[in-house]
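So the chains spell out like this:
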Amino acid sequence: MYTYVAKRLLIAIPTLLIISLFVFMLQKLLPGDPILAMAGEERDPVLIAQLREQYRLNDPVVYQYLYWLGDVLRGDLGTSLRTNQPVTELILQKLPVTIQLAVMAMIFAVLIGIPAGIVAAVRKNTLLDYLANLVALSGLSIPNFWLGIMLILLVSVYLGWLPASGYYPFFADPLRSLETMIMPAFVLSTPLAAMLMRHTRSSMLGVMRADYIRTARAKGLSERTVVMEHGLRNGLLPVITLSALLFGDLLAGAVLTEQVFTIPGFGKLIVDAVFNRDYAVVQGVVLCTAVAFILMNLIADILYVLLNPRMRATL
Amino acid sequence: MTILAHAAIAPAPEETPGRRAWRKFKANRAALAGLCIIVFFALLALAAPLLPILDPNATSWSVIRQPPSAAHWLGTDEIGRDLLSRLIWGSQASLAAGIVSVAIAVVIGVPIGLVSGYFGGWIDMLISRVTEAFLAMPFLITAIALAAFLGPSLSNAMIAIGLSAMPIFVRLTRGQVLAVKTEDYVEGARSIGLGNLMILKRYIAPNVFPPILVQATLTVATAIIAEASLSFLGLGQQPPDPSWGSMLNVAKNFMSQAPWMAIWPGAAIFLVVIGFNLVGDGLGDALDPREP
């Protein structure tokens, strides 16, 4: 098991290096000379030379990349041009907000998607199945931010049940925090719930055709026991790994959800940074999501092995 | 008995794969409905200059934020522009973005995947690693970062979405080539001395094509949502030109005063995306050789 984890970690290293190269190259895409912009109106040649030296722009690009990579590895993602705060600090500040949102969305997605998928599979080709499929298709096709806007209109503006925006840290005021987060988390969860439903359905349909299910039925177990005990245990395996994989998508989806509900998280950070031309922050956020995504990939793989006795034997 | 057995194995009148797929596709009502939605919006986008609608960018201070009425069927926006005409013109931006960005992804991604899968070796190793790295970044985040660094405009948004979607096609094509490469007929072609290019063109490409078509259709749906998302964030279509995403960006600020501003563009995106998803799913079923 440990060798397996170690091997997977080693494989992640080249991937991370390529991502870091891409993130570094992003700043080379910038039109115009950033130093000229920084130097301001006067374009003082002394200042420009000094800035060039400070940002190591006189060195060959390869060296610039290596210096930058060295800083990143030491946890220094640069400084925000706008707030002068270290980017790492900014990200660590905003991350808990987004993680709370993503975790709540994940819970919603699992609670909606998996039972719906099971019911659709067990009641295949009935009205219930068609309905579940239709809802899933809509969940995949609806633009998330628009769903958010519509929900705000209905729930906050017309019914006045929930606040339309705002954020309270969970540990400071759990109830209030849940109250403001419940709608954004639901919105964020919809495409995920749809995907989980579809995968659960097809996975369960595959499992329910297996011989051991027929055996279980033959020995007179109730349909409920057959589905819940025998079917589910195997049918859910691929779904669990999928959930871990989709967690990365949640981070991306959070960008829009946070924008709609004005939640001060990770996604709001990158969007604000984009408009303030605060490129170090943009790079930092991209790098962090990629790392988080790779971690989730790793967890998905490990979960799969842990939950699947057949795989465990091969290790 | 002999006659019956004979009849059973007698080949049916030759049906080309394309015809077979179309026959299956036609029988799928959901897919046909999707096709109708796409055709409707495509016609709308193409006919926008010909339709008797108001100028989408003409402002009028006397009809600011009017609810739907006889003069303005879908109402007006915050500076008195006609929402129906902006919605119709906006369909051009959305459909173009969906199709152009997927075209970029396919035109760059498929050849890379072909080379990677067919030739193998260190080049495959390199391409696979880079593809994996790009797949490790969430699609939308990559697109936002690229659009941010390229500068906000509709064409840059298309490039950003296309490049972000490209790795999916590289991986799909590569996997498909690997599956076909070891088939007997490819070996046979090689044994009679056909060159690599000829084998790729005649034997590999036709087998790679169907899954790519399915993926491309489904990716158009994703790309349309991505364009709307970028425009919603202000990184896509720039004012005053209309796009559904940027209309929602403005509408968000007038939710309680003018909710109709937010309803139509989102509903339009929803419909078009459902259309492409239905057709994509339908094509997937129709092109699946395992099903009759």
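Below: a short report on this structure.

Conventions used here
- Residues numbered from 1 in each chain as written.
- Chains lettered and ligands numbered in written order.
- Predicted model: local features only at pLDDT ≥ 70, side-chain atom pairs only at ≥ 80, totals over all residues.
- Heavy atoms only, no water.
- Contact = heavy atoms within 4.5 Å.
- Buried area = accessible area lost by both parts, 1.4 Å probe.
- Salt bridge = Lys/Arg side-chain N within 4 Å of Asp/Glu carboxyl O.
- Polar contact = N/O pair within 3.5 Å; in protein donor to acceptor, adjacent residues only side chain to side chain.
- Helix = DSSP H or I, 4+ residues; strand = E, 2+ residues; numbered from the N terminus.
- Nonpolar A, V, L, I, M, F, W, Y, C, P; charged D, E, K, R; others polar.
- Axes fitted to C-alpha atoms, helices over the stretch in contact; angles between N-to-C directions.
- Parallel < 35°, antiparallel > 145°, perpendicular 65-115°, else oblique.
- Phe/Tyr/Trp six-rings, centres within 6.5 Å; stacked < 30°, edge-to-face > 60°.
- Buried < 20%, exposed > 50% of the residue type's maximum accessible area, 1.4 Å probe, protein only.

What follows is about the interface of chain B and chain A. When the parts come together, some accessible area is lost, and that loss is often what is quoted as the size of the interface. Residue-level contacts link 41 residues of chain B with 43 residues of chain A. For the chain B and chain A pair, buried surface summed over both sides reaches about 3,800 Å², with 84% attributable to carbon and sulfur atoms. Inspection of the chain B/chain A interface yields 1 salt bridge. Ionic pairing is found between Arg198(A) and Asp281(B), a salt bridge with its closest N-O pair at 3.1 Å. On the surface where chain B and chain A come into contact, there are 3 residue pairs in polar contact (both at pLDDT 80 or more). Listing elements by their share of the side of chain B that touches chain A, those giving two or more residues are helix H5 (121–135), helix H6 (139–150), helix H9 (196–233) and helix H11 (260–286) of chain B. For the side of chain B that touches chain A, the element with the most residues is H11(B), which contributes 11 residues. Taken together, the residues that form the side of chain B that touches chain A break down as 31 nonpolar, 6 polar and 4 charged.

The next subject is the packing of helix H10 (residues 223–235) of chain A against helix H11 (residues 237–260) of chain A. Residue and element names in this part refer to chain A. Orientation of H10 relative to H11, taken along the N-to-C sense of each, is 40°, at an axis distance of 4 Å. Classed by the angle they form, the pair H10 and H11 counts as oblique. Facing H10, whose interface residues are Arg233, Asn234 and Gly235, H11 presents Leu237, Pro238 and Val239. In the contact of H10 with H11, the residues fall into 3 nonpolar, 2 polar and 1 charged.

A word on the packing of aromatic side chains. Following the criterion strictly, the structure yields 13 aromatic pairs over all chains and no others. Between Trp22(B) and Phe25(B), the aromatic rings sit 5.9 Å apart at their centres with planes inclined by 20°, giving stacked as the arrangement. Remark: Phe25(B) and Trp22(B) occur in helix H2 (residues 17–26); sequence separation between them is 3 residues, near one turn of the helix. By relative accessible area, Trp22(B) is classed as partly exposed at 44%. Of the residues examined, Phe25(B) reaches a relative accessible area of 5% and is grouped as buried. Ring-pair connections join several aromatic residues into one group, and the members of that group are Phe24(A), Tyr65(A) and Trp68(A).

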